[in-house]
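Breakdown of the fold
One-letter residues, chain by chain:
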Amino acid sequence: MYIVFEGIDGAGKSTQIQLLKEWLEANGFRVETLVEPTDSKVGNLIREILQHPDATTDRVQKTLGLLFAADRMFIMDKLEDESKIFISDRSFISSLAYQEPAEWIEVLNKYAKKPDLLLLLDLDVKKSVARASGEDTFENEEFLTKVKDNYLRIVENYTHEIIDANNGVNKVSSDIKKAVAPYLGLCPDCIR
Ligand code: TYD
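To keep things clear, this report deals only with the structure shown in the data block.

Scoring rules and cut-offs
Residues numbered from 1 in each chain as written. Predicted model: local features only at pLDDT ≥ 70, side-chain atom pairs only at ≥ 80, totals over all residues. Heavy atoms only, no water. Phe/Tyr/Trp six-rings, centres within 6.5 Å; stacked < 30°, edge-to-face > 60°. Helix = DSSP H or I, 4+ residues; strand = E, 2+ residues; numbered from the N terminus. Buried < 20%, exposed > 50% of the residue type's maximum accessible area, 1.4 Å probe, protein only. Salt bridge = Lys/Arg side-chain N within 4 Å of Asp/Glu carboxyl O.

Under the criterion given, the structure shown has five aromatic pairs. Consider the rings of Y98 and F143, whose centres lie 6.1 Å apart with planes at 50°: the pair is tilted. Within this pair, whereas Y98 is found in helix α4 (residues 92–98), its partner F143 is found in helix α7 (residues 141–154), the two being separated by 45 residues in sequence. Each member of the pair, Y98 together with F143, is buried. Judged by centre distance (4.6 Å) and plane angle (25°), the rings of F138 and F143 are stacked.

Before going further, it helps to spend a moment on the pairing of strand β4 (residues 117–122). By the criterion of burial, β4 is predominantly enclosed, with six of the six residues buried. Residues L117, L119 and L121 point to one face of β4 and L118, L120 and D122 to the other, with burial holding for every one of them.

Moving on, we come to the pattern of salt bridges. Under the counting rule described, the total for this entry stands at 12 salt bridges. R90 is the partner of D9 in a salt bridge, and the nearest nitrogen-oxygen pair spans 4.0 Å. Taken together, the positions of D9 in the loop between β1 (2–6) and α1 (13–26) and R90 in the loop between β3 (85–89) and α4 put the pair 81 residues apart, joining distant regions of the chain. Overall, the relative accessible area of 13% leaves R90 in the buried class. One salt bridge connects D122 with K148, and the closest N-O pair in it is separated by 3.0 Å. A residue pair is termed long-range when its members are at least 10 positions apart, and D122 in strand β4 and K148 in helix α7 qualify at 26 residues. An identical accessibility class is assigned to D122 and K148; each is buried. Among the charged side chains, a network of salt bridges with common partners joins E6, D9 and R90.

This is how it looks when you write it as structure tokens:
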């Protein structure tokens, strides 16, 4: 099973992935977590480019689309292992939400694995900007408003659950567990 977390920056994905992992392991599942961009050389190059002031320009966005697509190929083989649940911090769906144009991004990601379950951590843009590290050029209100709208449209094409990420960590975590439970034969009403 391939579970993907998506959402605008600052939605708390990494914290929530860790909490979900611990809970699934306590329920007897083998779990491996993944992060995109990866720690490959391509991933490092991406992180460098994300700090350039021109990262949102058309030219750089097209380049980033290519790099993100190449970077995710480093983890594709792993996902074939059916004995584990993979939980990924982002996927090609981030590319669809952040990069343009859509037709180009779709072609580049033709071979990227589709999630079995997509969890969108939906956060107010103003909160996202307030929580941002300030390092990345994407962390501005206008750009993230567009990304958030893209997400809400794109998720409709996949098996998905939308989680309100404006709440506190514990409430968000229990909402995620309740959303995931039915997909794994666990009891949603047994979660506090
Ligand atoms: P991430 O590491 O999640 O951000 P943070 O710095 O908050 O930990 O991701 C880095 C940025 O890369 C984030 O702004 C989203 C962006 N991104 C894309 O634009 N396209 C993609 O395909 C992916 C995977 C990420």
